[in-house]
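Listed here are the chains, written in short residue letters.
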Amino acid sequence: MLDKMKARQAELAGATAIIFFNDDEEYKTQGPSRSRVRGERLNETVGIPVISLSYRLGQQFSGKEMRKARIMIETSTSVTMSYTYNLFAETRYGRGDRLIVVGSHLDSVQDGVGINDNGSGSSTNLEIALQMARLKLKPVNKVRFAWWGAEELGLLGSKHYTSSLSDKERANHSLNLNFDMLGSPNYIRAVYNGSGFTESTDDMKYACTQIQKTLEKGFASQNVNYSIVPFTGRSDYGSFIEPGIDIPAGALSSGGDGIKTTEERAMYGGLANAAFDTCYHQACDTTDNIDQTVLGQMANAAVYTLEKFMYVEDLKAFLYDDTYKAKNDKEEPVNSRKRRAVRRNPIHLFNP
């Protein structure tokens, strides 16, 4: 969204072409940036040429010695109309006005096989749904599993879903959980920071923080450490927390194209100054690119969180009312009958 705004402003200011590159040090070893300059609808486009460069080439082009250089660039571009789909499955039981959407994107980039990004998230999503059906669980709050199309093209599937909701339908959505890249080989265990979500109302920030804290407890229950990372809007949760949609969300990730720090190496092992997933968006993103142990830990944190929310009797109060939360801190946020049912039939995906 920011790149689209920058492109429009540059066009209005008289620019005849734009070259984007990501100048963040985190991305210095990566390929071309994934600039988003398309509009919310297909007819909303920028009217000047736009290309993106790798970090290193962008640094060369932006250096002082290149400021007066004349650069000839030739590109070959084609635009093809194609169709994609979102896929949904939901529980028969549970209140539809307290809907929980559990989402993962089903697509991959053209050059990538897409096993970690995002077969790891979408298969976890599917396995949770299958186990819930096998155990014949009856949640208090309805759960809708979503597999989004065209995430890699700009969150198109999830954006279409959230933008198509009526006011009543949007009000019926309590929260979104998003699972994207859960098996990275040079992993971290990342929980997105609801409390640091500044582009929101106080109510939204509070609700996102409650989701964050529950995800954190999902790791604490396994006695494993985790990291808090900022919302970036780069995965489908961004379509839910977008201003005007305002559906609180939380998310897990084991890391993508970011670079592991020395501090993170001390926490998790692996290689510092290397990408969390060196096969990110590449042909080597196969089943050999998955760390099975961290995939199990991430999946169990996801299950823990979903179980908590789908049995909360008053989910809206739990997410938005601090007095409700204070009264229930010593107890699980479910009534005793439902709590016993959960203990008889827990969802088990992996051994921690």
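Everything numeric here is computed off the predicted structure, so don't read it as measured data.

This part is about the overall build of the protein chain. Within the protein chain, the regular secondary structure consists of twelve helices and nine strands. The proportion of buried residues among the 352 residues of the protein chain is 49%. Accessible surface, the protein chain as shown: approximately 18,700 Å² in total, 51% of it carbon and sulfur.

What the seven strands build is an open sheet, ordered 3-5-4-6-9-7-8; its pairing is mixed. Each end of this open sheet is capped by a strand with a single partner; those strands are strand 3 (87-90) and strand 8 (227-229). Going from strand to strand, the sheet's axes swing by 20 degrees on average, the running direction of each strand aside. Where strand 3 meets strand 5 (residues 141-148), four bridges bridge the pair, whose relative direction is antiparallel. Bridging across to strand 5, Ala89 finds its partner in Phe145. Against the sheet, helix 4 (residues 156-163) engages strand 3, strand 4 (95-105), strand 5 and strand 6 (173-179), with an angle of about 140 degrees to strand 5. Here helix 9 (residues 292-310) sits on the sheet and contacts strand 4, strand 5, strand 6, strand 7 (190-192) and strand 9 (249-253); the angle it forms with strand 5, its principal contact strand, is near 145 degrees.

Let us now look at unusual backbone geometry. In this chain, Asp117 is followed by Asn118 through a cis amide linkage whose omega measures 5 degrees. Relative to the helices and strands, Asn118 is located in helix 3 (residues 115-135). Phi is positive for Ala150, which is not a glycine, with a value near 55 degrees. Along the polypeptide, Ala150 turns up in the loop between strand 5 and helix 4. Judged by relative accessible area, which is 7%, Ala150 ranks as buried. Positive phi values are uncommon outside glycine, yet Asn223 reaches one of about 60 degrees. Secondary-structure assignment places Asn223 in the loop between helix 6 (202-220) and strand 8. Residue Asn223 is classed as exposed on the basis of its relative accessible area of 71%.

Turning next to the packing of helix 3 against helix 9. Contact geometry for helix 3 and helix 9: axes closest at 11 Å, N-to-C directions at 50 degrees. It follows that helix 3 is oblique to helix 9 by the angle criterion. As for how helix 3 packs across helix 9, the hand of that crossing is right-handed. Two secondary-structure elements touch here, helix 3 through Ser120, Thr124, Ile128 and Met132 and helix 9 through Leu295, Ala299, Ala302, Val303, Leu306 and Met310.

Moving on, we get to the state of the cysteines. Scanning the model with the defined rule gives one disulfide in all. Across the disulfide, Cys279 is cross-linked to Cys284 (sulfur-sulfur distance 2.1 Å). Judged by the torsion about the S-S bond (-120 degrees), the Cys279/Cys284 disulfide is left-handed. The class for Cys284 is partly exposed, based on a relative accessible area of 32%.

The tally for this structure, following the rule as stated, stands at twelve aromatic pairs. A ring pair is formed by Trp148 and Phe240, whose centres lie 5.9 Å apart and whose planes are at 55 degrees; its orientation type is tilted. With Trp148 in strand 5 and Phe240 in helix 7 (residues 237-241), the pair connects residues that are 92 residues apart, well separated along the chain. Ring centres of Phe231 and Tyr237 lie 4.9 Å apart, and the angle between their planes is 45 degrees; on these two criteria the pair is classed as tilted. You can call Phe231 buried: its relative accessible area is 16%. Among the aromatic residues, those joined into a cluster by ring pairs are Phe88, Trp148, Tyr161 and Phe240. Cation over ring: Lys260 sits above Tyr187, and NZ or CZ is 5.6 Å from the ring centre.

Residues Ile19, Ile71 and Ile73 make up a contiguous nonpolar surface patch of roughly 240 Å² in combined accessible area. One can find Ile19 in strand 1 (residues 18-21).

Scoring rules and cut-offs
Residues numbered from 1 in each chain as written. Predicted model: local features only at pLDDT ≥ 70, side-chain atom pairs only at ≥ 80, totals over all residues. Heavy atoms only, no water. Helix = DSSP H or I, 4+ residues; strand = E, 2+ residues; numbered from the N terminus. Buried < 20%, exposed > 50% of the residue type's maximum accessible area, 1.4 Å probe, protein only. Areas by Shrake-Rupley, 256 points an atom, 1.4 Å probe, with all protein chains shown as cover. Pairing = 2+ DSSP bridges. Axes fitted to C-alpha atoms, helices over the stretch in contact; angles between N-to-C directions. Contact = heavy atoms within 4.5 Å. Parallel < 35°, antiparallel > 145°, perpendicular 65-115°, else oblique. Left-handed = near helix turned anticlockwise from the far one by under 90°. Disulfide = S-S within 2.5 Å. Phe/Tyr/Trp six-rings, centres within 6.5 Å; stacked < 30°, edge-to-face > 60°. Lys NZ or Arg CZ within 6 Å of the ring centre and 35° of its normal. Patch = residues over 30% accessible without salt bridge, like charges linked within 9 Å, V, L, I, M, F, W, Y side chains within 5 Å. Salt bridge = Lys/Arg side-chain N within 4 Å of Asp/Glu carboxyl O.

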